Amino acid sequence: MKQRGWTQLRTSEKSGISKSTLSDYINCKTLINPGNVEKLSEAFGVPKFEIDPSFNNNSKTVNEGKVSYISTTTKKLPVVGKISCGPGVLAFEEIEGYEETPLDWLNGGEYFYLRAKGDSMVNARILDGDLLLIRRQNDVENGEIAAVAIGDEAVLKRVYKTNNNIILQSENPNYPPIVLDDKKNIRIIGKLKKVVLNF
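Here is a short report on the structure shown in this document. Small disclaimer: the values here were computed from a predicted structure and weren't measured. (Residues numbered from 1 in each chain as written. Predicted model: local features only at pLDDT ≥ 70, side-chain atom pairs only at ≥ 80, totals over all residues. Heavy atoms only, no water.)

**Here's the deal with the packing of aromatic side chains**
Here the structure, examined in full by the defined rule, presents 1 aromatic pair. Measuring from ring centre to ring centre gives 4.9 Å for Trp6 and Phe44, while their planes differ by 25 degrees; the resulting arrangement is stacked. Of this pair, Trp6 sits in the segment before helix H1 (8-15) while Phe44 sits in helix H3 (residues 34-44), and the two are 38 residues apart along the sequence. Classification of Trp6 as buried rests on a relative accessible area of 13%. Given the relative accessible area of 12%, Phe44 is considered buried. A cation over a ring is seen here: Lys157 above Tyr175, with NZ or CZ 5.8 Å from the ring centre. (Phe/Tyr/Trp six-rings, centres within 6.5 Å; stacked < 30°, edge-to-face > 60°. Helix = DSSP H or I, 4+ residues; strand = E, 2+ residues; numbered from the N terminus. Buried < 20%, exposed > 50% of the residue type's maximum accessible area, 1.4 Å probe, protein only. Lys NZ or Arg CZ within 6 Å of the ring centre and 35° of its normal.)

**So, the packing of H1 against helix H2 (residues 19-26)**
Two elements in contact, H1 and H2, have axes separated by 9 Å at closest approach and are oriented at 115 degrees. The element H1 and its partner H2 pack so that their crossing is right-handed. Residue-level inspection shows Gln8, Leu9, Thr11 and Ser12 of H1 in contact with H2, the latter providing Lys19, Leu22, Ser23 and Ile26. In terms of residue class, the contact of H1 with H2 is made up of 3 nonpolar, 4 polar and 1 charged. (Axes fitted to C-alpha atoms, helices over the stretch in contact; angles between N-to-C directions. Left-handed = near helix turned anticlockwise from the far one by under 90°. Contact = heavy atoms within 4.5 Å. Nonpolar A, V, L, I, M, F, W, Y, C, P; charged D, E, K, R; others polar.)

**Some details on the pairing of strand E5 (residues 111-115)**
Taking burial as the measure, the 5 residues of E5 include 4 buried ones, the bulk of the element. Bridging between E5 and strand E6 (residues 131-136) involves 5 bridges; their strand directions are antiparallel. When the sheet's bridge partners are listed, Phe112 is paired in E6 with Ile134. (Pairing = 2+ DSSP bridges.)

**So, the packing of H1 against H3**
Helix packing for two helices is described by the angle between their axes and how far apart those axes are. In contact at an axis separation of 9 Å, H1 and H3 are set at 100 degrees when each is read in the N-to-C sense. Here H1 is positioned roughly perpendicular relative to H3, judged by the angle of their axes. Facing Thr11, Lys14 and Ser15 of H1, the residues of H3 in contact are Lys39, Leu40, Ala43 and Phe44. Of the residues assigned to the contact of H1 with H3, the class counts are 3 nonpolar, 2 polar and 2 charged. (Parallel < 35°, antiparallel > 145°, perpendicular 65-115°, else oblique.)

**Looking at the pattern of salt bridges**
For the structure shown, the criterion picks out 5 salt bridges. Measuring nitrogen to oxygen at the nearest pair gives 3.5 Å for the salt bridge that ties Arg115 to Glu96. Of this pair, Arg115 sits in strand E5 while Glu96 sits in strand E4 (residues 89-102), and the two are 19 residues apart along the sequence. The exposure class of Arg115 is partly exposed, given its relative accessible area of 35%. By relative accessible area, which is 51% here, Glu96 ends up exposed. (Salt bridge = Lys/Arg side-chain N within 4 Å of Asp/Glu carboxyl O.)

Right under this line is the structure:
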């Protein structure tokens, strides 16, 4: 926008993205979704990775006659340091960096990484500092491991649901289950898909 001298209104008109959504992106309140990356890429006439670095900029373009396509094997996903959960809003407040992620690990939806903290999930082979690939979703099946927001704190636990309670179970006998009956103050952020060990 600065390079073009475009206002938010002009950018909104050119891309078809609402001003309020653009404002959220500019103020880092929400992550941009792939569809809007495409719209901004077309509006500005630049590759998608210039809008969002999670798109791989090492892609090779192959020309066959008049057809060109981009072949990618990885995508950069954000490593989120802090998650803020306001009323109806989930915002990534601190992004520590980006991690190259094989596309065959991703199967639709939005993904991001959290970093494991502490030893409460050691029996699930999740250790302090491990990278956790999370698929963003607001519900999981009983017994699945999920990132859960309790107030403004994100924790990783096995989730069990009863009629009145949500039980968050650690994978370490030193930690008792967390039983919550206040469903307004708890929110499932996403399901654990993979634990990444970096050597």
